[in-house]
Structure formats: structure tokens, C-alpha cells
Amino acid sequence: MNSRKTRISIVAAAFVLLLGYRIQHRQAGDETRNAQAGKHALAPVAPVKPTRRGKLAFTPCSLSSPFSKDSLDALCATFQVPEDRSRAGGRTLALNIAWLQATDSGNVATDPLFFLAGGPGQSAVDTFPGLNPVFKEVRKHRDVFLIDQRGTGKSNLLSCAAAADDANADSPERMQAQAAACAAALSRHADLRHYTTTDAVADLDSVRQAIGAQQVNLVGVSYGTRVAQQYAMRHPGATRSLVLDSVVPNTLGLGNIFARNLDDALALQFAVCSRNPACKDKLGDPRAELDKLLTTLRAAPPTVDYRDASSGEWKQDVLHAETVAGLVRMYAYMPLASALLPKLIHEANGGRYAGLMALAKMMTGEMKESMAMGMQLSVVCSEDADSMVARDDDQGTVLGNLMPQGMAAMCKVWPKGTVPADFHVALASQVPALVLEGEFDPVTPPRYGREVVKTLPNGRLLVLKGQGHNVIGAGCMPKLFTQFIEKADAKALDGTCLDALAYAAPFTSFNGAEP
């Protein structure tokens, strides 16, 4: 479950242009700063006076992301928490915290907003800049706090190198061996049993108390919705409101949800092409084309020459069916991107694999940088291991049973923490809650939202037409989000503006959709 940061642009060129701007912009700024430093090298620098919030002292910092051309001015601090709260005098770790102050300093609400990133394994500090425009109006009157969950970002990062992309990379045996090596390496500076959602919830409340806030508003995306629900269960009096974007029900085990949910989403997304006469005529049945391609690749994976999306250099590698399945899964998160899938698959079935290979490589590189896999394993192995079982019904899906089998193999060798007995009990609360789902979400479908709001009498579900995963920025949703945070009344929202959302037209050529 990954937030918007992990999405891929619909064409490699668009991503390269965006990344290029960031690099050039940063380099130009560095040159200017270096020149100024040279002119004033001997000038004394006055110490920066910290800005205090409760018990914490913050100093100026700048937040940036490869998915946002602009940096954000913020205040940053670290906060020491026990790694193992049951062990007095044990090791501590420093939580990385960024504070985005309200832009209208004369009228600031007392209840700040905590943003909770997805994954599990993403950094809230690194993820937020790309979402900042969504929070523009909310930030006028409320402070926003970004806390890197323990094991992510700069909060004792738990990250290991990803497996090489070869024919055996995704075998359960290979994944288990890599997990064992990863656990051994990380255990030198972390007790991996204490990087669970429950530990993170305790950290969040410690931060809330440290900054002197009586209540907080929690905005969670994907896995962050699990953190938000668990916090509301443990600290109901401290929770003013919840925004659950692409929600993961408390009752859900994450072990084998991916294959069936992806196939269901692909059926909806590919139907957009099948209903379009031009797309159907030029590209055929997208699901039949995908099955044909995966069968071909499993029988004889081809060696492909492709242009690297980052460097522009020509490279060569073998394209495996598992690589394509992973690419399809990630593209399905964003229907605007998945509108290109039928064309890419059709091209590959004609022996033209370069486009798929280039995009798969680009996606893999971004995932390696954005996801703390060690933290992810500490979470899912402790909380979801019982659900990691293969199912006969999943055998014919795009992903098959590869993910639950691989995850089960890794969790056999990964240190596991304990979770509360009621961890997988549905959140039943009077807390005002806005629950958001995308109609085409391949990992947290609308039925999850319907399940969650059953036990939230002050909750409301909005299903966004034609949207995928992480939908808070779609259409008029930022306006509705702002209204909800202001009034904490989801049922009073007028959601008719969401009717203007449209389905992404399928690409019938690399120039785009039919006019």
C-alpha cells in the first residue's frame, strides 16, 4: 500500500522533465549560495534562535521531494523516545519531526494536524511536499506536523538493498534469505520487534503531549489510515477528527489482499478501453492481451534494449513476467497512468518491449528510494503474518500467490513484536471521520470504506469516480477536506462537486487518446 509518491508519470519523458527541473533548480540555488558564501566567507554567522512548541525546540529547515518542484520552509526538531517502552533505561531513538506553521499567524487553531504516510515504510517528511497544495487552505489556520514513523526517513531508518531483478529474485527461498540477511544487518542498531504500528501510536501521543496539544486531527493515507484508527482506539479523547484516504480496515489482514483486489480494479479500468470503440478496435481486449503477454514472458523472457529514463543511456536487460505484473500493479494505482497500459501491453505483444522495460526500471528505482523495507517487514510480520496464505482462487490472477508466499517466507525469519489483543477489532467511535476511496483503487477498494463507516456513526464515505489510490487531491476534494477539518462534520459536506470527475480516456497511441 503505497501513497501518491510511488505513482509513476504516464510517460517517462514527463518524469524526466520534472526531475530535471528539480536538479537544475537545486544546482542553480547551490551555485548562488556558494557564490554568496565566497563573498562573505569571513562574516560571522549568528546562531539560529530555536522556536519552541511545548517542550520541543525547532530550528528552520527546508523540505523537498523529487515529486515537487518547490521546497517547503519548515521548522524541524528531533524527539527522543524509548525504543522499548517496557525496558527502563534502554536504547532510545530520535524521531524526526517537521512543523509547518499556520500561514495566518493571527488566527491559529489549537488542534494541529498530524499527517500519516503510507507504505508501510514511507517517510511523512519526504512524502508531504508533493501533497502540500492539497493542504493550502487547511494550513491557513492550523499547524501541520510531520513525524517520520520509527524506522522511516530520519527516524532510525530500517532499509536494506532490494533484490536484483533476475529470474529467481521473487522466489520465496531467495526472499527469505535476503530477509534474514537484512534482519541481521539492521539488528546491529535496532530491536526489530519494536517498530510496529502500536509502537508508532505511542510515539505519536508522546509528540502530541510534548508540543502541548490537547487534541489532534489525523490525516492518514493508505497504511497511514491503520495508524490513525489505532490511535483513535487508544487515545479517543485526544482525537478531534480523522481523514482516512484509501482506508485499510482494522479488521483486515494484509497477507493475501493484493491479487484479487488488483484483478478487480483492472477489470474496471480495462473496461474503459473496451467501451471505447477506437480503443477496442486498435488494442483488442486489454485483459486477454495482458494474459497473453505474461504467458509469453514466463515461457521465454526476452532480452530487451531500452533507454534509461533517468540517464537517457541505452541499456539491456531481461524482461520477466513478474516485472510486468509489478508494473501493472503500480500503474493501476493511478488510472490516468493506467490509461497507457493497454497500449504498452499491445506493443509488447508485437515484440516491442522497450517501453515496458524502461518504465519498470524507473518504477523500481523510485520504490527502492521511497520505501523502508525493514520497517515494512516489522509491521506486517508482527500484525498480519496469519493472513499470509496462498489461495486457489488467486492462482489465475495477474499477481497469483507470489506475494503472500514471499511475505510468509520472509516473516519466518523476521523478528516479530506483540500487538494488542483487540488490534484487529473494528474502530467503533463517535469521532468525526471523512473516509475516501477511489472507484478503481487496486489495493483498498470502496468496500473497505463501506466496512469502516459502519462503526463510525459520525463518519461519511465518499467514493471518487474513476479514481485510484490516494484521492485527497482529486477534483474538488481539497475544498471538501478543508471544510471537514474546519467544522469536523462530514455529513454536512456537499459532495456534488465530485460529480465533475471524469474517467481517464485510454491511450490508443503514444500521442494520447482519440480526439
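Just above, that's the structure.
Draft legend 1. Geometry of the state of the cysteines. Tallying each qualifying case throughout the model produces 5 disulfides. One disulfide in the model links cysteine 381 with cysteine 411; its S-S distance is 2.0 Å. Here the disulfide of cysteine 381 and cysteine 411 is left-handed, its torsion about the S-S bond being about -80 degrees. Within this pair, whereas cysteine 381 is found in helix H13 (residues 373–383), its partner cysteine 411 is found in helix H14 (residues 402–411), the two being separated by 30 residues in sequence. Residues cysteine 381 and cysteine 411 agree in their burial class; the two are buried. Disulfide partner of cysteine 476: cysteine 497, at an S-S distance of 2.0 Å. Judged by the sign of its S-S torsion, about 80 degrees, the cystine formed by cysteine 476 and cysteine 497 is right-handed. Note that cysteine 476 is positioned in the loop between strand E12 (459–464) and helix H16 (477–487) and cysteine 497 in the segment after H16, a separation of 21 residues in sequence. Overall, cysteine 497 belongs to the partly exposed group, its relative accessible area being 23%. Taking only the cysteines that form disulfides and numbering them from first to last, the chain has the pattern 1-2, 3-4, 5-6, 7-8, 9-10.

Draft legend 2. Summary view of the packing of helix H8 (residues 286–299) against helix H11 (residues 341–349). Closest axis-to-axis distance for the H8/H11 pair is 9 Å, and the angle between their directions is 45 degrees. On the basis of their axis angle, the class for H8 and H11 is oblique. Viewed along their axes, H8 and H11 form a crossing whose handedness is left-handed. Residues Pro286, Glu289, Leu290, Lys292 and Leu293 of H8 pack against Pro342, Ile345, His346, Ala348 and Asn349 of H11.

Draft legend 3. Seen up close, unusual backbone geometry. Of note, the bond from glycine 119 into proline 120 is cis; its omega dihedral lies within 30 degrees of zero at 0 degrees. The residue proline 120 is located in the loop between strand E5 (113–116) and helix H2 (124–127) in this model. Notably, asparagine 470 is not glycine yet its phi reads approximately 65 degrees, a positive angle. Secondary-structure assignment places asparagine 470 in the loop between E12 and H16. Judged by its relative accessible area of 1%, asparagine 470 falls in the buried class. The residue alanine 488 is not glycine, and still its phi comes out positive at about 55 degrees. Overall, the relative accessible area of 18% leaves alanine 488 in the buried class.

Draft legend 4. Focus on the pairing of strand E6 (residues 144–147). Side chains of E6 alternate between two faces, with Val144 and Leu146 and Phe145 and Ile147 buried alike. Taken together, the 4 bridges between strand E4 (residues 92–100) and E6 define a ladder with antiparallel strand orientation. Across the sheet, residue isoleucine 97 finds its bridge partner in E6, namely isoleucine 147. Summarising the sheet, E5 and E6 pair through 3 bridges and their orientation is parallel.

Cut-offs and rules
- Residues numbered from 1 in each chain as written.
- Predicted model: local features only at pLDDT ≥ 70, side-chain atom pairs only at ≥ 80, totals over all residues.
- Heavy atoms only, no water.
- Disulfide = S-S within 2.5 Å.
- Helix = DSSP H or I, 4+ residues; strand = E, 2+ residues; numbered from the N terminus.
- Buried < 20%, exposed > 50% of the residue type's maximum accessible area, 1.4 Å probe, protein only.
- Axes fitted to C-alpha atoms, helices over the stretch in contact; angles between N-to-C directions.
- Parallel < 35°, antiparallel > 145°, perpendicular 65-115°, else oblique.
- Left-handed = near helix turned anticlockwise from the far one by under 90°.
- Contact = heavy atoms within 4.5 Å.
- Pairing = 2+ DSSP bridges.

As far as function goes, none of this settles anything; it's purely spatial.
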